[in-house]
Amino acid sequence: MENFLLSNGVPMPKIGLGVYQVKEDQEDAIIWALQHGYRRIDTAALYHNEQMVADAIKQSGLKREDVFITTKLWNSDHGREKTLAAFEKSLARLDTDYADLYLIHWPSAHYVESWQAITELYNKGRIRAAGVANFTQKQLEELDRHSDLVPMVDQVQTNPYIQQRGLHRYLTDHQIQHEAWGPFGHGNQNLFRQPYLMELAAKYKKTTAQVILHWNLQRDIAIIPKSVHPDRLQENLDVFDFMLDDQEMDQIASLDKHGRHFVDPENKLFLWLSSFIH
Ligand code: NAD
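A short tour of the structure in this document, coming up. (Residues numbered from 1 in each chain as written. Predicted model: local features only at pLDDT ≥ 70, side-chain atom pairs only at ≥ 80, totals over all residues. Heavy atoms only, no water.)

A look at the pairing of strand β6 (residues 99-104)
Burial analysis of β6 places six of its six residues in the buried class, the great majority of the element. A crossover links strand β5 (residues 68-73) with its parallel partner β6, the connecting element being helix α3 (residues 80-94), and its sense is right-handed. Taken together, the five bridges between β6 and strand β7 (residues 127-133) define a ladder with parallel strand orientation. Directly across from Ile-104, in β7, lies its bridge partner Val-132. In this view, the connection linking β6 to its parallel neighbour β7 by way of helix α4 (residues 111-123) has right-handed handedness. (Buried < 20%, exposed > 50% of the residue type's maximum accessible area, 1.4 Å probe, protein only. Helix = DSSP H or I, 4+ residues; strand = E, 2+ residues; numbered from the N terminus. Right-handed = clockwise from strand over helix to strand, strands pointing away. Pairing = 2+ DSSP bridges.)

The following block contains the structure:
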């Protein structure tokens, strides 16, 4: 597995397995993935499957240090004390004494205090890398005004319909690794039937899913596609053996709808309401 080097020198596998909505009876899929090349798992307190991830790693036969684990602070746990407590609970469920990457899941109120707590964890060596998810440029700038630690990752919704080009430039300029969540638009945005992506898939003898994943990697964006099917898990790793040319990259750029399939991270009502979800 190839790596991206984070700004602090920590290598992060370019492809990870997203486990949002992976249920207890689907643990075998995680074990299979780890035994067939995946070395990074993207979970979160909200996904209620950190324990299963820990168990799958044990059952895979890999050592803890062979797997890069990302987990996330949920919206109900913002603020210094709550962040520190939530982190310990995540580690207990993951049965480990460190996280490779700890992210603020959404920029809820008090994210500055939460980031200060995460900075403490980072300085104590409890997390190898610290980052955020769903942060806009404005929110990253706000964080920057209050902290010396620049996030190493921003995990945001990114796919050919939501390309995040402005944010991507900002992230690149600040050495923040762009990571795409929902690279397939959750499989329900008709991306797999997009005619130009299908044309490229035929040209390179790949699937549309592989073209989408490769396009992200060619933009230096890390990916965490989710699947529980061995054939798709395998397919989603097999994306390194072709290159899109400049004209093809430009044409995919023109597919951008500049929209979102999910809420605006600056929507205060959503952020407030989501803090009641556990
Ligand atoms: P996704 O875009 O990865 O789509 C997943 C769906 O695509 C699967 O359920 C399946 O139906 C389909 N699929 C997967 N591989 C395929 C293939 N090769 N061919 C055809 N169909 C295929 O959606 P996602 O799960 O929402 O996002 C991926 C990961 O991102 C999550 O599991 C989670 O870890 C992370 N995530 C983070 C946030 C956040 O707020 N930070 C939000 C959502 C998801």
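Structural notes on the packing of aromatic side chains
This structure, assessed with the given rule, holds five aromatic pairs. Look at Phe-87 and Tyr-102: their rings are 4.9 Å apart centre to centre, the planes differ by 65°, and that puts the pair in the edge-to-face class. With Phe-87 in helix α3 and Tyr-102 in strand β6, the pair connects residues that are 15 residues apart, well separated along the chain. We note that Phe-87, like Tyr-102, is buried. Measuring from ring centre to ring centre gives 5.0 Å for Tyr-111 and Phe-135, while their planes differ by 70°; the resulting arrangement is edge-to-face. You can see Tyr-111 sitting in helix α4 and its partner Phe-135 sitting in the loop between β7 and α5 (137-146), a full 24 residues away along the chain. The same class applies to Tyr-111 and to Phe-135, which are both buried. Taking NZ or CZ as reference, Arg-64 lies 3.9 Å from the ring centre of Tyr-98, over its face. Stacked on the ring of Tyr-161, the Lys or Arg Lys-257 has its end atom at 3.9 Å from the ring centre. (Phe/Tyr/Trp six-rings, centres within 6.5 Å; stacked < 30°, edge-to-face > 60°. Lys NZ or Arg CZ within 6 Å of the ring centre and 35° of its normal.)

As for the site of the ligand
Taken together, 26 residues lie around the ligand, and Asp-42, Asn-134, Gln-155, Phe-184 and His-186 are the ones closest in. Contact distances for the ligand include 2.9 Å between a nitrogen atom and a side-chain N or O atom of Asn-236. For the ligand, the accessible surface in isolation is 830 Å², of which the surrounding protein chains cover 89%. Looking at the shell around the ligand, the element that brings in the most residues is helix α9 (residues 230-237), giving three residues. Per-class residue counts for the shell around the ligand are twelve nonpolar, ten polar and four charged. (Near = heavy atom within 4 Å. Polar contact = N/O pair within 3.5 Å; in protein donor to acceptor, adjacent residues only side chain to side chain. Areas by Shrake-Rupley, 256 points an atom, 1.4 Å probe, with all protein chains shown as cover. Nonpolar A, V, L, I, M, F, W, Y, C, P; charged D, E, K, R; others polar.)

As for a nonpolar patch on the surface
A cluster of nonpolar residues, Leu-269, Trp-272, Leu-273 and Phe-276, forms a patch on the protein surface that exposes about 470 Å² of accessible area. Position of Leu-269 relative to the elements: it lies in helix α11 (residues 268-274). (Patch = residues over 30% accessible without salt bridge, like charges linked within 9 Å, V, L, I, M, F, W, Y side chains within 5 Å. Salt bridge = Lys/Arg side-chain N within 4 Å of Asp/Glu carboxyl O.)

A closer look at the sheet that holds β6
The sheet built from eight strands is open, its strands ordered β3-β4-β5-β6-β7-β8-β9-β10 with parallel pairing. Of all the strands in the sheet, just β3 (17-18) and β10 (222-223) have a single pairing partner and so form its edges. Relative to β5, strand β4 (residues 40-42) is paired through three bridges, and the arrangement is parallel. The residue of β5 that forms the bridge with Arg-40 is Phe-68.

Concerning the side chain of Ser-147
On the secondary structure map, Ser-147 appears in the loop between α5 and β8 (153-157). For Ser-147, the side chain forms a polar contact with the main-chain nitrogen of Leu-149, separated by 3.0 Å.

Considering the pattern of salt bridges
In this structure the tally under the stated criterion is 15 salt bridges. Ionic pairing is found between Lys-58 and Asp-95, a salt bridge with its closest N-O pair at 2.7 Å. Here Lys-58, found in helix α2 (residues 50-60), pairs with Asp-95, found in the loop between α3 and β6; they are 37 residues apart in sequence, far enough to count as distant. Take Asp-95: its relative accessible area is 49%, and that puts it in the partly exposed class. One salt bridge in this structure joins Arg-80 and Glu-81, with 2.5 Å as the shortest N-O distance. By relative accessible area, which is 36% here, Arg-80 ends up partly exposed. Take Glu-81: its relative accessible area is 54%, and that puts it in the exposed class. It is possible to trace a salt-bridge network through shared partners that takes in Arg-64, Asp-100 and Arg-128.

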